[in-house]
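Structure assessment
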Amino acid sequence: MSTAQVLTAIQNSAVAHAVSKSNHMVGAGLQIVHVLGFILLLSSIVLISLRLLGLAFAQQPISKVGRDATRLIWLGLILTVASGTLMFVSSPRMYYYNPAFELKMLLLIAAVLIQVLLLRRVCANDSPSPAVARTTVALSLISWFGVGLAGRIIGFI
Amino acid sequence: MDMNTLVALGERIEQSSVGAAIAESRYAFPVIEGVHLIGLSISVGLIFITDLRLMGLLFTHVPVRDVIHHLRLYVLAGFALVFLSGGLLFWSEASALIESPAFPFKMLFMALAGVNALYFELVLAKQDAVQENRPLLPRNVKLAGAASLFLWTLVIICGRLIPYLPHWT
């Protein structure tokens, strides 16, 4: 099957019909869950970043702050990915050929890799080198801000 | 002032040079929307985290006073981005915002969240249990956290509903 055929098959699936043919407030509900999830996700990343830079909670061990923040990151990720997947499934052709969507997915992959490969390791150590911490924070924040920005542009191009 | 007068006023605002420039630019409007989202993820997001701490659900090892004092600067910086971008968005689509029922409700819930925050700051945070950083916080502190979480969630919901609810009827 070609990509176009796969996208068409998704668009004609029962799940896609359930979302796109229902009341348009279902779509609005998914958008709301997506935004709330992103807020939880990004604010937890900002909080870990502030701790790693020594700008907040400096008396608390990095690993302890990281543990609670990671819970919120997971909650935010589950909410955004679940709502985002349903949004994609309801109109896959619109999203797949949208350059802002493509950029968002690339930035999302980068952000998750930075999270898993770098930030998690930096947070496991209670006294990471300041240069490593700063670099990781910068990469992480730039990629997540990029995800949000690109995501907001999808609907306009 | 009736609704028609308000909408006419909105139309004059968005027809001004700045309003029209934002509305007509291909990228200005979506980029400002993106800045609005990032700003509120920082400000409202850190407020959510503070609320969860007040409710005793997360970061219980961090003293409440530290959470409030350490995050304040970044909450305010996030709000600066939100109000700046929100002001520009209003400038470019004032009449549509005035006509949507979601917009006045968003403003109402924001005002209530502000009153709640002010009451917490001026009255509840002054209690000995908060000042002395006792592990068990009074019920009114938990309630203030829950109220803030609830009201800001309503602000976000109303904001996202603006394009979905363009008219009252």
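Look a little higher up for the structure.
The sections below set out a description of the structure shown in this document. (Residues numbered from 1 in each chain as written. Chains lettered and ligands numbered in written order. Predicted model: local features only at pLDDT ≥ 70, side-chain atom pairs only at ≥ 80, totals over all residues.)

**Looking at the overall build of chain A**
Within chain A, the secondary structure is distributed over seven helices and zero strands. Going from the N terminus to the C terminus, chain A shows its helices and strands as α-α-α-α-α-α-α. Each principal axis of the C-alpha atoms in chain A carries an extent, and together these give about 55 × 30 × 25 Å. Residues classed as buried in chain A amount to 36% of the 157 residues present. Taking the intrachain contacts of chain A between residues at least 6 apart in sequence as the baseline, contacts between residues at least 24 apart amount to 81%. (Helix = DSSP H or I, 4+ residues; strand = E, 2+ residues; numbered from the N terminus. Buried ≥ 20, exposed ≤ 12 C-beta atoms within 10 Å, placed from the backbone. Contact = placed C-beta atoms within 7 Å.)

**Observations concerning the overall build of chain B**
Across its full length, chain B carries seven helices and zero strands. Counting from the amino terminus, chain B carries its helices and strands in the arrangement α-α-α-α-α-α-α. Buried residues in chain B amount to 36% of all 169 residues. For chain B, the proportion of contacts with a sequence separation of at least 24, taken over those separated by at least 6, is 80%.

**So, the interface of chain A and chain B**
At the interface, 27 residues of chain A touch 28 residues of chain B. Within the residue set of the side of chain A that touches chain B, elements represented by two or more residues are α3 (24–52), α4 (62–90) and α7 (130–153) of chain A. For the side of chain A that touches chain B, the element with the most residues is α3(A), which contributes 15 residues. Residues that form the side of chain A that touches chain B fall into these classes: 19 nonpolar, five polar and three charged. (Nonpolar A, V, L, I, M, F, W, Y, C, P; charged D, E, K, R; others polar.)

**Observations concerning the packing of helix α1 (residues 3–14) of chain B against helix α4 (residues 64–99) of chain B**
Residue and element names in this part refer to chain B. For the pair α1 and α4, the least separation of the axes is 6 Å and the interaxial angle reads 160°. Here α1 is positioned roughly antiparallel relative to α4, judged by the angle of their axes. As α1 runs across α4, the sense of the crossing is left-handed. From α1, L6, V7, G10, E11, I13 and E14 reach across to α4, where they touch W91, S92, E93, A94, S95, I98 and E99. Looking at the contact of α1 with α4 residue by residue, the classes come out as six nonpolar, three polar and four charged. (Axes fitted to C-alpha atoms, helices over the stretch in contact; angles between N-to-C directions. Parallel < 35°, antiparallel > 145°, perpendicular 65-115°, else oblique. Left-handed = near helix turned anticlockwise from the far one by under 90°.)

**Things to note about unusual backbone geometry**
Residue and element names in this part refer to chain B. Notably, F59 is not glycine yet its phi reads approximately 50°, a positive angle. With respect to the helices and strands, the residue F59 is situated in the loop between α3 (28–54) and α4. With a phi close to 60°, N133 is a non-glycine residue in the positive phi region. Its location among the elements puts N133 in the loop between α6 (128–131) and α7 (139–161). The class of N133 is partly exposed, set by 13 C-beta atoms lying within 10 Å.

Nothing here speaks to function; it is all geometry.
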